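Survey of secondary and tertiary structure
Listed here are the chains, written in short residue letters.
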Amino acid sequence: MTRLICLILSLFLLLSVTGCDQSASENINQQAILISGEIDIQGKANAKRGSTLTLRLEKLSALPDGNAMTVEKKTALEKPQHPLPFKLRVYRDQLQIGTSYILRITYQTAEGRRWTSSELHTVDRASEETRLGKVTLLPVIPPQSAESDLFLCGEKTLKLVAQGQQLQLHLQDDVYHLQSVVSASGAKYQSSDGKVVFWNKGDEAILSMADFEWPGCARVSEDVLALFPFRAHGNEPGWTLSANVDEVLLNWNYGEQQLVIPYPELKLTHSGFVLFSETNSSLLKVNVLNSLCRDSMSGRPYPQHVEIHYSDIHLSGCGGDSYALLTGKEWLVEDIAGQGMIDFTRVTLQFDGKGRLSGHASCNQYTTAYEFNEQLDIADPIATRKSCAPALMKQEQRFLKLLTEVVRLDFDASGALILSTANGRTLTARR
């Protein structure tokens, strides 16, 4: 009798646990959306070893800001298979209510050739499963292998590669395949499902995807992209200027007066560039000279002198990014605290745009972090542990110690970089 009771209790517990597991599994499935389909790759492409299939779910309205990816799944393909099935599981708590999401599909061979989907596949958060059926992938034309037009839409650059009546729209890693359609004016292209539409007339364009319309687009050149966005400022009276491809914003008299001008004209000169625009009242002219400028109050160096002329207003100050003075080509140190350098030794400074400083310290390689705000702050460097001649090691120790004490930077008349400590000791470097 006792054994029978134990058996019944054990069976009851087993059924209870099994029931809980089934309930939990059903709950998980209710919270998930399954996206599935088959890929039909157009042209000569085999899903062979080394190929990759990428499924990426993106938030449509976040594409202009660059933070659109919600879920990404990459699959390495080991053997040929045609058509190629795919599945992507997404949980609803990863998706926002009332927000549109799109699925981007990319196939890439080991050699780097790419294919992308020809349509815009939207995903409904309320659905339990999205079956896309057969999805056609078309080959991507590398933008560098053909002539392309550039348009700036908000902060994002679009590259347009035309091929007869077809157009490939490159947006970072995404490529959209569009076809020419009849338009009352200008040129109009759209995807085969009509969800992606690009229309342009002259230097202006409009891009829309599903139910989302991008910020206004303007045609640009590589030279213009290299210059914008541009910032400048000055003192007495305090003024700031912010210029992009589609707008110039000028504030002066410490923000009491403001001028906004859309789509300024730009002219490159041998020593810089000129921004100009006709407003309803007067011509705004911004002269930018590529020459070292020091802020009249803080003394901080900037790469450009700026003069602004508008009606009877004349302003002067500095422009560009101070970091641009440091980054780029490496600096070769030619003096440490006035003691010169050992002949035929190499000490270098390489600043990047992400706050990292690295180089050669005489014997070893080093790396550290830096910040350039009101002053230059350099963290304690980490160096490799190779051993060299005593004189070389001593020079390396002097360099690394002095580097951590640096608080200011400047440039002399010949363009040499001068890094100074609080007590006046200096490092001098030149490109």
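Residues numbered from 1 in each chain as written. Predicted model: local features only at pLDDT ≥ 70, side-chain atom pairs only at ≥ 80, totals over all residues. Heavy atoms only, no water.

Okay, unusual backbone geometry next. Following Phe-228, the chain continues to Pro-229 via a peptide bond in cis, the omega torsion being -5 degrees. Mapped onto the elements of the fold, Pro-229 is located in the loop between α2 (222-227) and β18 (230-234). The omega torsion across Glu-236 and Pro-237 is -5 degrees, close enough to zero to call that bond cis. Unusually for a residue other than glycine, Glu-236 sits at a positive phi of about 50 degrees. Note that Glu-236 resides in the loop between β18 and β19 (239-244). Given the relative accessible area of 63%, Glu-236 is considered exposed. (Helix = DSSP H or I, 4+ residues; strand = E, 2+ residues; numbered from the N terminus. Buried < 20%, exposed > 50% of the residue type's maximum accessible area, 1.4 Å probe, protein only.)

Spatially, the nine strands line up as an open sheet ordered β21-β20-β19-β18-β28-β27-β24-β23-β22, and their pairing is antiparallel. Only two strands of the sheet have a single partner each, and these edge strands are β21 (257-262) and β22 (265-269). Taken pair by pair, the neighbouring strands of this sheet meet at an average axis angle of 20 degrees, ignoring direction. Sheet topology places strand β20 (residues 247-252) next to β21; six bridges connect them, and they run antiparallel. Residue pairing in the sheet places Val-248 in a bridge with Ile-261 of β21. (Pairing = 2+ DSSP bridges. Axes fitted to C-alpha atoms, helices over the stretch in contact; angles between N-to-C directions.)

Before going further, it helps to spend a moment on the packing of aromatic side chains. Within this structure, the stated rule accounts for nine aromatic pairs. Look at Trp-252 and Tyr-310: their rings are 6.2 Å apart centre to centre, the planes differ by 65 degrees, and that puts the pair in the edge-to-face class. Of this pair, Trp-252 sits in strand β20 while Tyr-310 sits in strand β27 (residues 304-310), placing them 58 residues apart in sequence. In terms of burial, Trp-252 and Tyr-310 fall into one category: buried. Note on Phe-351 and Tyr-370: the rings are 5.0 Å apart at their centroids and 85 degrees apart in plane angle, and the pair reads as edge-to-face. Remark: Tyr-370 occurs in strand β32 (residues 365-372) and Phe-351 occurs in strand β30 (residues 348-351); sequence separation between them is 19 residues. Assessed through its relative accessible area of 1%, Phe-351 is described here as buried. An aromatic cluster is defined as three or more aromatic residues linked by ring pairs; in this entry it consists of Tyr-323, Phe-351, Tyr-370 and Phe-372. A cation over an aromatic ring shows up here: Arg-104 above the ring of Tyr-176, its NZ or CZ 4.1 Å from the ring centre. (Phe/Tyr/Trp six-rings, centres within 6.5 Å; stacked < 30°, edge-to-face > 60°. Lys NZ or Arg CZ within 6 Å of the ring centre and 35° of its normal.)

The subject of this paragraph is the confidence of the model for the protein. Taken over all residues, the pLDDT of the protein has a mean of 85, while the share at 70 or more is 90%. Taken element by element, the predicted model of the protein shows its lowest mean pLDDT in helix α1 (residues 2-31) (48) and its highest in strand β29 (residues 331-336) (97). (pLDDT = per-residue confidence, 0-100.)

This paragraph deals with the pattern of salt bridges. Per the counting criterion, the structure on display carries twelve salt bridges. Note that Asp-149 is salt-bridged to Arg-219, the shortest N-O span being 3.6 Å. Note that Asp-149 is positioned in strand β9 (residues 148-153) and Arg-219 in strand β17 (residues 217-220), a separation of 70 residues in sequence. A relative accessible area of 40% means that Asp-149 is categorised as partly exposed. Of the residues examined, Arg-219 reaches a relative accessible area of 31% and is grouped as partly exposed. In the salt-bridge network here, residues are joined through shared partners; they are Arg-56, Glu-58, Glu-72, Arg-104 and Asp-174. (Salt bridge = Lys/Arg side-chain N within 4 Å of Asp/Glu carboxyl O.)

This part is about the side chain of Thr-116. Its location among the elements puts Thr-116 in strand β6 (residues 114-117). Look at Thr-116 and you get buried, because its relative accessible area is 0%. Leaving out residues up to four positions away in the same chain, Thr-116 has contacts with Arg-104, Ile-105, Thr-106, Thr-136, Leu-137, Leu-138, Val-140, Val-175 and His-177. (Contact = heavy atoms within 4.5 Å.)

Let us look at a negative patch on the surface. Taken together, the side chains of Asp-65, Glu-155, Asp-246 and Glu-247 present a region of like negative charge at the surface. Locating Asp-246 in the fold gives a position in the loop between β19 and β20. Given a relative accessible area of 34%, Asp-246 falls into the partly exposed group. (Patch = residues over 30% accessible without salt bridge, like charges linked within 9 Å, V, L, I, M, F, W, Y side chains within 5 Å. Areas by Shrake-Rupley, 256 points an atom, 1.4 Å probe, with all protein chains shown as cover. Lys, Arg positive; Asp, Glu negative; His and termini not counted. Charge placed at Lys NZ, Arg CZ, Asp CG, Glu CD.)

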